[in-house]
Amino acid sequence: MNIIEWLHERGIAVNDEKLIRQAFIHTSYANEHKGIHHNERLEFMGDAVLQLWSSEHIFPLTPELSEGQMTRLRAQLVCEKALAMYARQLKLNRFLYLGSGEEKTGGREKDAILADMFEALLGALYLDQGMPAVDNILNEVFLPEIRHPGEVKVFKDYKTKLQEYVQTDNRSSLYYELVEETGPSNAPTFTMNVIVDGLIMGTGTGSSKKQAEQNAAKNAFEKMVSI
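Residues numbered from 1 in each chain as written. Predicted model: local features only at pLDDT ≥ 70, side-chain atom pairs only at ≥ 80, totals over all residues. Heavy atoms only, no water.

Q: Sorry if this is basic, but what is going on with the layout of surface pockets here?
A: Where empty space is left becomes clear once a probe the size of a water molecule has been rolled over the atoms. If you add up the space inside the largest pocket, you get close to 1300 Å³. Lining the largest pocket are 44 residues, and of these Glu43, Glu119, Lys209, Lys210 and Glu213 lie nearest its centre. Those elements giving two or more residues to the lining of the largest pocket turn out to be α4 (40–58), α5 (67–78), α6 (80–89), α8 (111–129), α11 (158–168), β1 (174–182), β2 (189–196) and α12 (209–225). With 7 residues, α4 is the largest single contributor of residues to the lining of the largest pocket. Partitioned by chemical class, the residues of the lining of the largest pocket number 15 nonpolar, 13 polar and 16 charged. (1 Å grid on protein atoms, 1.4 Å probe; cavity = no way out; pocket = protein on both sides within 12 Å on 5 of 7 lines; lining within 4 Å. Points joined across faces, edges and corners; volume = space filled by probe spheres on them. Helix = DSSP H or I, 4+ residues; strand = E, 2+ residues; numbered from the N terminus. Nonpolar A, V, L, I, M, F, W, Y, C, P; charged D, E, K, R; others polar.)

Here it is in structure tokens:
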């Protein structure tokens, strides 16, 4: 079975098969096959779709959650480990296109690769079919978690811990900023800053933007709690 057949079984009739397959093409594969486009642009789109979809489903929960509670719940539900978990539940990693080196080093089970692939799929489905196709996927793996917010699997990530600390410390603004991307395209290193109320509070590096953000958050959290 391929990804197109898998989607057809779920009642999703694909218009642009090439676009959907692109969601599963890792940079390592694209670098070994000239003319093939990887999934990073689709990941960008999928991230935005996921933020909107999760916010729309968290907002009407009863009893009502505060802004801080909604932010923390969403952060837990869309963090890298959570997205990788959803991808594994759906067995989407079998459709990945990986370079030979990445395949040999276990790339098919790496959280960062699975999370990026999952977001890329959401982005591709949204561009191809709109929100109904996204609903089809997220209603299965995401909605059960939202319906029982008190039982959400807690992924102890530093981004969530930093967000919680910032909110309790009466600070209002927190965001992440890409500083630089170095190294070859098949093995990049990202450097991210975390900025709190206009000040750079932490810096981190990683093989993915999400990993770099986690390391930046860890750096900031450890400095802020020691002040």
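Q: What's the story with the sheet that holds strand β3 (residues 199–206) in this structure? I'm lost.
A: Whether parallel or antiparallel, the strands of a sheet pair through hydrogen bonds between backbone atoms. Taking strand neighbours across the sheet as the criterion, the 3 strands line up as β1-β2-β3 in an open arrangement whose pairing is antiparallel. Every interior strand has two partners, whereas the edge strands, β1 and β3, have only one. Neighbouring strand axes in the sheet, compared pairwise and without regard to direction, differ in orientation by 20° on average. Where α11 meets the sheet, it contacts β1 and β2, and its direction lies at approximately 140° from that of β1. The strands touched by α12 are β1, β2 and β3; relative to β3, the strand with the most contacts, the crossing angle is about 135°. (Pairing = 2+ DSSP bridges. Axes fitted to C-alpha atoms, helices over the stretch in contact; angles between N-to-C directions. Contact = heavy atoms within 4.5 Å.)

Q: Before we go on, may I ask you to explain the nonpolar core in this structure?
A: Inside soluble globular proteins, nonpolar side chains tend to come together where they are buried. Counting 49 residues, the largest nonpolar core has Leu92, Phe118 and Phe142 as its most contacted members. For this core, the secondary-structure elements that each account for two or more residues are α1 (3–9), α2 (17–22), α4, α5, α6, α8, α9 (131–141) and α10 (143–147). The dominant element in this core, judged by the number of residues it contributes, is α8, at 10 residues. Once you skip the residues sitting within four places of it in the chain, phenylalanine 142 turns out to touch Leu50, Trp53, Ser54, Leu77, Val78 and Tyr86. (Core = buried A, V, L, I, M, F, W, Y, C linked by side-chain atoms within 4.5 Å. Buried < 20%, exposed > 50% of the residue type's maximum accessible area, 1.4 Å probe, protein only.)

Q: Would you mind going over the side chain of glutamate 80 with me for this structure?
A: With respect to the helices and strands, the residue glutamate 80 is situated in helix α6. In this structure glutamate 80 is buried but unpaired, with lysine 210 as the nearest side chain of opposite charge at 5.9 Å. (Lys, Arg positive; Asp, Glu negative; His and termini not counted. Salt bridge = Lys/Arg side-chain N within 4 Å of Asp/Glu carboxyl O.)

Q: I keep staring at the pairing of β1 and nothing clicks. Help me out?
A: Both faces of the sheet carry side chains from a regular strand, because those side chains alternate between them. In this structure, β1 lies alongside β2, joined through 8 bridges in antiparallel fashion. For tyrosine 176, the partnering residue across the bridge sits in β2 and is valine 194. The turn linking β1 back onto β2 is made up of 6 residues, and glycine 183 within it adopts a positive phi angle of 85°.

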